[in-house]
Amino acid sequence: MLPEIEQYFRIEKLPHMWCPGCGNGIILHSLINAISALGLNQDQTTIVSGIGCASRAAGYLDFDTLHTTHGRALAFATGIKLAKPALNVFVLMGDGDCTAIGGNHFIHAARRNINLTAIVFNNNIYGMTGGQYSPMTPHNKRATTASFGNIDRPFDLAELAKGAGATYVARATTYHTKLLTNLIMEGYKNKGFSVVEVITACPTAYGRYNKLGSPADMLKAQRENTVNVKSMLANGGTVPAGKIPIGELYRAEEPEYIEEYRKLVEALQMKGGK
Amino acid sequence: MTEPRLLQGNEACAEGALAAGLSFYAGYPITPSTEITELLSRKLPMLGGKFIQMEDELASMAAVIGASLTGAKAMTATSGPGFTLKQENIGFAAMAEVPCVIVDVQRLGPSTGVATAPAQGDVMQARWGTHGDHPIIVYSPATVKECYTLTMRAFNMAERFRVPVIMLMDEVVGHMRERVELPEIDQTTIINRPTPSVEPHRYKAYQDTETHVPPMACFGDGYRYHVTGLIHDENGFATENPEIVGRQLQRLHNKINHHRSEIVDWESLNTDDAEVILVTFGGTARAATKAMRLARQEGMKVGIFRPISIWPFPEEQLNLLADKKVKLVVPEMNFGQLVHEIERIVRGRCPVYPVNQVNGELIKPDYILNKVREVY
């Protein structure tokens, strides 16, 4: 492991438990590169996760780490951030964790625009329980609970985040690791609720069931199926049919929750608590 | 004692939490607990604490745990249906040993039931609401003043033993107003969680200690440890090693069971010569006290035994009464919940008569007195 990132890992907990070809390790690498480049104090940084493959990431990282209940990571993180605003809080979730059982917490964290950075590992499937469909499994794709093709329509996480009030929304893939690192850094710098969706491959539970080939094939597909919004804008601003936009998708200036709370307290103190 | 005040049970509960050092509250409004949330939404920002109304009860409980991990004294309040929703994360707090207080102002159930009707149907939910075997501490106040003092005590016990502590109130005490003189806040009576004294790299977040309670570091203080709801080793990391799993779960139980004398609380009245003893808790204890007085006027020797800690139950104290071969009458605003614990403890040594009323009205003294006359 590169010495500059080694300090951020609990080396004794490695190797990780993820399957061969899983993209989760790549996301962790980008996250740690971002934390390292931002120069965040390791003691003042907290990693919160939910339940599922992605959420096991917290155990490998050497910070104060909190592995919570399924879907509730953002609600736990809200308590941490509000109680101790000085802490840098990253929230790691899977697509099922974040958008199904955690969907309510997700939209309300966005609405509050609380200063958290959410990283959603989107592998389009429930991996840890063995391949059941998630709210982000594409229409017609197969899962162990959608053997005849998924009849659900998937969420567009970025549009959901934007609609609910997030002030920084971005998307990358595990193929575009430098972009991912940059997006996480920008998400952290945004004062408000930031969402970075990462398209990642689950060759074991999703790829195999949908005949998507080897892990390398799935990684290549990430390159081929996406288009960077920057180059997209340069070429007239439309997403080609069948392509997924990646890069910074949305940014806005809105009141942030912790800041608003601080202002409220200051105003009350000015009035002598009346 | 402070100046006398006319105070509602829910208000006294909120005041007691503040006196205990409450600095974080997350809640979701639900009748008949709402006044606690409303009062703290006004008071906490002024006192430098944090208040947040979360999107639901699950989130409230989660936020409370997150806040407590940073060192805050944290609480949430709810009623039956909301209490049910909180159970998942109450279990997490028990497993991860995160101190916090959960107030359940009971209402009539099942389901949405009757929102403002008094009931005591959550006795078993308070004990066994979450999945798995876990220890719990539950206190049940009968007066407005006790809403204050017991909430303080709930915080103290939560911090002392690193457990979620439940304040099991009912609509009668929650909404009742009484003239109360609250005790002066004496900082020496405030208990704070044990904190680590070792260097961060030597810190083991879930190491057994003499008291079975591991010291707890705050997030952000440089200890960099892992917290999970999975059964974990002494460093906080998930394990399936049967020896460690068994030992960790046993320790959770030991820290409560080995310190029962610090936790357990009860009150008895006129039990010395009693032939019938009313075993009663919460709002029902008020009607039972009146029933006892009326019975005494009729020449019947009736006493009261009131568990204040419902879980763990004041078992030893009840045993002493059971040995005296008295008759136990157990009035409850449910179809019989605490009575089963009482039957378990007395093991047939004396007769136990349940008195139950579940109709949305508070149980009246006459109703209890009739049963006393019947069995005396």
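See above for the structure.
Treat the numbers as computed from the prediction; the structure is a model and nothing was measured. (Residues numbered from 1 in each chain as written. Chains lettered and ligands numbered in written order. Predicted model: local features only at pLDDT ≥ 70, side-chain atom pairs only at ≥ 80, totals over all residues. Heavy atoms only, no water.)

Considerations on the overall build of chain A
The line we're drawing: Counting from the N terminus, the helices are the DSSP runs of H or I reaching at least four residues and the strands are the DSSP runs of E reaching at least two. Taken over C-alpha atoms, the radius of gyration is set against a globule rule of 2.2 Å times the number of residues to the power 0.38. When a residue's accessible area, from a 1.4 Å probe over protein chains only, is under 20% of the maximum for its type it is buried; when over 50% it is exposed; and in between it is partly exposed. Contact definition: two residues touch when any of their heavy atoms are within 4.5 Å. The method behind every accessible area is Shrake-Rupley, applied with a 1.4 Å probe, and residues are considered shielded solely by the protein chains displayed. When charges are tallied, Lys and Arg are placed among the positive residues and Asp and Glu among the negative ones, while His and the ends of the chain are skipped. By convention, the point assigned to a charge is CZ for Arg, NZ for Lys, CD for Glu and CG for Asp.
Across its full length, chain A holds eleven helices and eight strands. Since a compact globule built from 274 residues should have a radius of gyration of about 19 Å, the 19 Å found for chain A is in line with a globular shape. The dimensions of chain A, computed from C-alpha atoms along their principal axes, are 65 × 45 × 35 Å. Within chain A, the fraction of its 274 residues that count as buried is 53%. For chain A, the share of sequence-separated contacts (at least 6 apart) that also reach a separation of at least 24 residues comes to 68%. Total accessible area on chain A is roughly 11500 Å²; 55% of this is exposed by carbon and sulfur atoms. Distance between charge centroids for chain A: 4 Å, based on 27 positive and 22 negative side chains.

What to know about the side chain of Thr200(A)
All names here are of chain A. Selection criterion: N or O atoms within 3.5 Å of each other form a polar contact, as long as, within protein, one can give a hydrogen and the other can take it, and as long as residues adjacent in sequence are counted only when both atoms are side-chain atoms.
Note on placement: Thr-200 falls in the loop between β6 (194–199) and α8 (203–207). Overall, Thr-200 belongs to the buried group, its relative accessible area being 4%. At a separation of 3.4 Å, a polar atom in the side chain of Thr-200 contacts the main-chain amide nitrogen of Gly-23. Not counting residues within four places of it along the chain, the set of residues in contact with Thr-200 comprises Gly-23, Asn-24, Ile-27, Phe-121, Asn-122, Asn-123, Thr-174 and Gln-222.

Notes on the environment of Gln132(A)
All names here are of chain A. Mapped onto the elements of the fold, Gln-132 is located in the loop between β4 (117–122) and α6 (157–164). Taking the C-alpha atoms as reference, Gln-132 lies 23 Å from Glu-159; in sequence the two are 27 residues apart. Excluding anything up to four places from it in sequence, Gln-132 contacts Ile-125, Tyr-126, Ala-143, Thr-144 and Thr-145. At a separation of 3.4 Å, a polar atom in the side chain of Gln-132 contacts the side chain of Thr-144.

Looking at helix α2 (residues 34–46) of chain B
All names here are of chain B. Applied cut-off: Expected helix span is given by 1.5 Å per residue-to-residue step, counting one fewer step than there are residues. What the bend at a residue measures is the angle between two axes, fitted to the seven residues ending there and to the seven starting there.
Taking 1.5 Å per residue, 13 residues should reach 18 Å; α2 reaches 19 Å between its end C-alpha atoms and fits that length. Of all the bends in α2, the largest measures some 30° and sits at Leu-40. Three or more residues of α2 are buried, namely Thr-34, Ile-36, Thr-37, Leu-39, Leu-40, Leu-44 and Pro-45. Of the residues flanking the end of α2, it is Gly-48, one or two places downstream, whose phi is positive at about 85°.

Thoughts on the sheet that holds strand β1 (residues 45–49) of chain A
In plain terms, the rule: Between any two strands, at least two bridges found by DSSP are needed for them to pair. Inter-axis angles, ranging from 0 to 180 degrees, are taken between N-to-C directions of lines fitted to C-alpha atoms, where helices are fitted over the stretch in contact.
Within the open sheet, the nine strands sit side by side as β7(A)-β8(A)-β5(A)-β6(A)-β4(A)-β3(A)-β1(A)-β2(A)-β9(B). Their pairing is mixed. With partners counted over all chains shown, the strands left at the sheet margins are β7 (226–228) of chain A together with β9 (226–228) of chain B, one partner each. Neighbouring strand axes in the sheet, compared pairwise and without regard to direction, differ in orientation by 20° on average. Judged from the six bridges that link them, β4(A) and β6(A) form a sheet pairing that is parallel. Following the sheet pairing, Val120(A) is matched in β6(A) by Glu197(A). The strands that helix α4 (residues 80–96) of chain B touches are β2 (64–67) of chain A together with β9 of chain B; relative to β9(B), the one it contacts most, it runs at about 135°.

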